[in-house]
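Spelled out from the first residue to the last, the chains are:
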Amino acid sequence: MAGSVLAQTDLPFALDWKFEGPAAPYFVAIDKGHFEAADLSVEISAGQGSLDAIPKVATGAFPVGFADINSLIKFLDQNPGAPVTAVMMVYDKPPFAIIGRKSLGVEMPKDLEGRVLGAPPPDGAWAQFPAFAIANDLDVDAITVEPVGFPTREPMLAEGNVAAVTGFSFSSYLNLVRLGVPEDDISTILMADYGLALYGNAIIVNTDFAEANPEIIKGFLGAIAAGWKDAIADPAMAIESLIERNPAADAALEQRRLELSIDANVATDFAMENGMGGIDAGRMATAIEQIAQTYEFQSAPDASLYFTDAYLPDADTRMLK
């Protein structure tokens, strides 16, 4: 046994956000021994937003991370040759959303005109807002954007200081519920339902590390898929793994947050049919075109720089049912 422990490879993993419900599958992969079966010892670190892990992985501070692929595309355009790419799609349908209050007049995209929108500058959903605005023919000059911090975003909406906020659907919605906002007063405008073909958060790797250690990355991704499969089968069990790391969390709330992310973002028709992790080339091409509507690429975009399936385990390993 001592020899087995000594043989394990330490693999620090940088998350996008706090230890909340959608992070539970990664802790399940630890507790169920999926990482250990791949001879990996994985330490998971919390993040400060869906862009946060990109520079951490690009600099080699972390070999693997979890981040928004759209932000990664822009990062690679601005930092050509940076050793980072996505290797496994997790949020096949991204949780980028506008979360509003019906009592403040926000139920549909057009309702944002003439109102105040709270947006944290590092927020992944805010980063996609320009493309969302084009897709829905919004007059952005008629929308007052209020920069807000992550800790004050939902409280400002709960207090009525803004009419809507940008955020991840499962996070902002349940944060408002926790603050006492009636659920029938909350509107969730999911950008993927209003014209955006974009993908969401993916596992990213330092490419220098991955090229030198392909089997380690394949084993890591197989364990990630197994953790998600276990969490989908038994969300309550998965939340037990989360609460062990974040005892102050509300277990019922975080289980609901996990279930929302599973239903809307992870266990999509595409992922259930093909296994989690892959992408559709045509959809990715459309997504890049949508990014280019509001972002001026310094070099011609190249999808092969942003995602590779070279390290994905076989489809059977990645099936979620």
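Residues numbered from 1 in each chain as written. Predicted model: local features only at pLDDT ≥ 70, side-chain atom pairs only at ≥ 80, totals over all residues. Heavy atoms only, no water.

We now examine the nonpolar core. Ranked by size, the top nonpolar core spans 91 residues in total, and within it Phe13, Tyr26, Leu112, Phe129, Phe220 and Trp228 carry the most contacts. Tallying contributions element by element places helix 10 (residues 214–233) first for this core, with nine residues. Setting aside its immediate chain neighbours within four residues, Trp228 contacts Pro22, Pro25, Tyr26, Val90, Leu258, Ser261, Ile262, Val266, Met276 and Leu320. In this structure, Ile99, Met156, Leu157 and Val181 belong to the second largest nonpolar core, which totals 14 residues. (Core = buried A, V, L, I, M, F, W, Y, C linked by side-chain atoms within 4.5 Å. Buried < 20%, exposed > 50% of the residue type's maximum accessible area, 1.4 Å probe, protein only. Helix = DSSP H or I, 4+ residues; strand = E, 2+ residues; numbered from the N terminus. Contact = heavy atoms within 4.5 Å.)

Each regular strand displays side chains that alternate between the two surfaces of the sheet. Across four bridges, strand 6 (residues 116–119) lies against strand 7 (residues 144–147) in parallel orientation. When the sheet's bridge partners are listed, Gly118 is paired in strand 7 with Glu146. Between the parallel pair strand 6 and strand 7, the chain is carried across by helix 6 (residues 124–135), and the sense of this crossover is right-handed. Relative to strand 8 (residues 164–168), strand 6 runs parallel, the two being bridged by two bridges. Paired with Leu117 across the two strands is Ala164, which belongs to strand 8. (Pairing = 2+ DSSP bridges. Right-handed = clockwise from strand over helix to strand, strands pointing away.)

With that out of the way, let us pick up the sheet that holds strand 6. Here five strands make up an open sheet; going across it, the order is 7-6-8-5-9 and the pairing mixed. In this open sheet, the two edge strands, each paired with only one partner strand, are strand 7 and strand 9 (186–190). This sheet shows a mean twist of 30° between the axes of neighbouring strands, independent of strand direction. Sheet analysis places strand 5 (residues 96–101) next to strand 9, joined by five bridges and oriented antiparallel. Residue pairing in the sheet places Ala97 in a bridge with Leu190 of strand 9. (Axes fitted to C-alpha atoms, helices over the stretch in contact; angles between N-to-C directions.)

Moving on to helix 6. For helix 6, with 12 residues, the first-to-last C-alpha span of 17 Å sits near the 16 Å given by 1.5 Å per residue. Gly124, Ala125, Gln128, Phe129, Ala131, Phe132 and Ala133 are the residues of helix 6 that are buried. (Expected span 1.5 Å × (residues − 1).)

One non-glycine residue, Asp39, adopts positive backbone phi at about 60°. Here Asp39 lies in the loop between helix 3 (34–37) and strand 2 (40–45). Overall, the relative accessible area of 40% leaves Asp39 in the partly exposed class. Of note, Asp137 is a non-glycine position whose phi angle comes to about 55°, a positive value. In this fold, Asp137 is placed in the loop between helix 6 and strand 7. Relative accessible area serves as the criterion here: at 59%, Asp137 is assigned to the exposed category.

In this section: the packing of aromatic side chains. Tallied over the entire structure, the rule returns 15 aromatic pairs. Look at Phe13 and Tyr26: their rings are 5.3 Å apart centre to centre, the planes differ by 80°, and that puts the pair in the edge-to-face class. Placement of the pair is Phe13 in strand 1 (residues 9–14) and Tyr26 in helix 2 (residues 24–31), with a sequence separation of 13 residues. Looking at Tyr26, the relative accessible area reads 1%, which means it is buried. Through a chain of ring-to-ring contacts, the aromatic side chains of Phe13, Tyr26, Phe35, Phe66, Tyr91, Phe96, Phe168, Phe170, Phe220 and Trp228 assemble into a single cluster. A cation sits over an aromatic face here: Arg283 above Tyr199, 3.7 Å from the ring centre. (Phe/Tyr/Trp six-rings, centres within 6.5 Å; stacked < 30°, edge-to-face > 60°. Lys NZ or Arg CZ within 6 Å of the ring centre and 35° of its normal.)

Looking now at the pairing of strand 3 (residues 64–68). Judged by how many residues are buried, strand 3 sits mostly within the fold: five of five residues are covered. Summarising the sheet, strand 1 and strand 3 pair through two bridges and their orientation is parallel. Each residue of the ladder has a partner; that of Phe13, found in strand 3, is Val64. In terms of strand pairing, strand 3 meets strand 10 (residues 201–206) through five bridges, oriented antiparallel.

Pairs can form between side chains of opposite charge whenever their charged atoms are close. Evaluated as defined, the whole model comprises 12 salt bridges. Asp185 is paired through a salt bridge with Arg101; the nearest N and O atoms lie 2.9 Å apart. Pair noted here: Asp185 is in the loop between helix 8 (169–178) and strand 9 and Arg101 is in strand 5, with a separation of 84 residues, a long-range link. Both residues of the pair, Asp185 and Arg101, count as buried. Note that Glu154 and Arg153 form a salt bridge whose closest N and O atoms lie 2.9 Å from each other. For Glu154, a relative accessible area of 4% puts it in the buried group. A residue is classified by how much of its surface remains accessible, and Arg153, at 5% relative accessible area, is buried. Here the salt bridges share partners, and the residues they tie into one network are Glu20, Glu254 and Arg257. (Salt bridge = Lys/Arg side-chain N within 4 Å of Asp/Glu carboxyl O.)

Attention shifts here to the confidence of the model for the protein chain. If pLDDT is low for a region, its predicted coordinates should not be looked at in detail. Averaged over the protein chain, the pLDDT score is 95; the fraction of residues at 70 or greater is 98%. When the criterion is pLDDT under 50, residues 1–5 qualifies, and its contacts beyond four places in sequence or with other chains add up to zero contacts. (pLDDT = per-residue confidence, 0-100.)

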